[in-house]
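Residue-level structural notes
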Amino acid sequence: MTEPPAEGLTEAEETALREAVAEAVLAVRAQGRAGLGSDPSAHLLMVAASRVAAEETSRLLRQSINGARAAGHSWEVVGRLLGISRQAAQQRFGTPAATPPPADPGAHRRVLSPLNAFNEMDALAESGRRGWHVVDYGHLHHLVESSPRQWEHQRLWWPTRRRRRRMVEQGWELIVPTDFDSPWAYYKRPLDLPAEPGLS
């Protein structure tokens with residue numbers, strides 16, 4: 001059995017994955033595979049299905065890279081897995097810093113840092129009890145704002161549109177609208193409890 005590279009896939013895993021993607025494209029509609037030898041429109045169906053597959057794998061790639069970066073992996077490691085240089089990986093997949101939303105009048109802000117995918121939810125739970133809620137986030141940090149009540153935060157890994165919709169129906173607010181490039185989404189909602197003292 002072939003051992004995988006340090007962070008990558010074995011040759012067998014790569015082959016299985018490629019075959020699974022091809023099979024998904026071919027199976028999108030019954031006439032797809034069956035019609036390739038006799039129906040010219042089946043080839044157009046394959047173009048449409050392949051476009052969707054390419055868009056989805058591109059989205060998953062960006063999500064995976066953002067997740068690896070949030071977990072503390074360097075651009076050098078990411079670039080090696082992509083077969084490109086560190087600089088090329090950062091230029092292609094690095095996310096430019098966004099302008100945070102304006103603060104509420106009278107509110108204070110602070111940056112929680114350094115955070116990563118493994119400790120951030122504990123930090124947000126602690127600060128949420130003390131009235132701080134996330135208004136923006138980025139690599140290894142969250143920008144939080146003070147309020148007189150407690151907040152709870154939740155992170156969804158690889159959220160589907162259905163799951164995102166359900167969160168909103170349950171009173172959760174999406175912290176930063178995303179274009180689905182992130183491997184997760186952050187939500188918050190206020191609690192009917194006064195903020196505990198501390199972290200002022």
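None of the values given here were measured: they were computed from a predicted structure.

Procedures and definitions
Residues numbered from 1 in each chain as written. Predicted model: local features only at pLDDT ≥ 70, side-chain atom pairs only at ≥ 80, totals over all residues. Heavy atoms only, no water. Buried < 20%, exposed > 50% of the residue type's maximum accessible area, 1.4 Å probe, protein only. Helix = DSSP H or I, 4+ residues; strand = E, 2+ residues; numbered from the N terminus. Arc of directions from axis to C-beta. Contact = heavy atoms within 4.5 Å. Pairing = 2+ DSSP bridges. Axes fitted to C-alpha atoms, helices over the stretch in contact; angles between N-to-C directions. Parallel < 35°, antiparallel > 145°, perpendicular 65-115°, else oblique. Left-handed = near helix turned anticlockwise from the far one by under 90°. Nonpolar A, V, L, I, M, F, W, Y, C, P; charged D, E, K, R; others polar.

1. Quick notes on helix 6 (residues 120–129)
Residues of helix 6 that are buried: Glu120, Leu124, Ser127 and Gly128. End-on, the buried residues of helix 6 take up no more than an arc of 105°, which puts them together on one face. Close packing links the buried residues of helix 6 with strand 1 (109–112), strand 2 (133–138), strand 3 (141–145), strand 4 (149–157) and strand 6 (184–194). Downstream of helix 6 by one or two residues, Gly131 has phi in the positive range, about 90°.

2. What to know about the sheet that holds strand 4
Pairing between sheet strands relies on hydrogen bonds along the backbone, with the strands arranged either parallel or antiparallel. Pairing is antiparallel in the open sheet, where three strands are placed in the order 4-6-5. In the strand order of this sheet, the two ends are held by strand 4 and strand 5 (173–174), each with one partner. Inspection of the sheet shows strand 5 paired to strand 6 by two bridges, in the antiparallel sense. For Glu173, the partnering residue across the bridge sits in strand 6 and is Lys188. Of the strands in this sheet, strand 4 and strand 6 touch helix 6, which is tilted by about 160° from strand 4.

3. Points about the packing of helix 3 (residues 40–70) against helix 4 (residues 75–82)
Contact geometry of helix 3 with helix 4 gives a least axis separation of 10 Å together with a crossing angle of 150°. Taken together, the axes of helix 3 and helix 4 are roughly antiparallel relative to one another. Read as a crossing pair, helix 3 and helix 4 show a hand that is right-handed. Where helix 3 approaches helix 4, its residues Leu61, Ile65, Ala68 and Arg69 are matched on the opposing element by Trp75, Val78 and Leu82. Class assignment of the residues belonging to the contact of helix 3 with helix 4 gives a composition of six nonpolar, no polar and one charged.

4. Considering the pairing of strand 3
Extensive coverage of strand 3 is indicated by the burial of four of its five residues. As paired elements, strand 1 and strand 3 share four bridges and run antiparallel to each other. From the neighbouring strand, Arg110 faces strand 3, where its bridge partner is Val144. In the sheet, strand 2 pairs with strand 3 via five bridges, with the strands oriented antiparallel. Of the residues in strand 3, the one forming a bridge with Asp136 is Leu143. Connecting the antiparallel pair strand 2 and strand 3 is a turn made up of two residues, with Leu140 showing a positive phi of about 70°.

5. A word on unusual backbone geometry
Omega for the bond connecting Ser113 with Pro114 falls within 30 degrees of zero, at -5°, which places this linkage in the cis form. Turning to its location among the elements, Pro114 is positioned in the loop between strand 1 and helix 6.

Any functional reading would require information beyond the geometric quantities listed.
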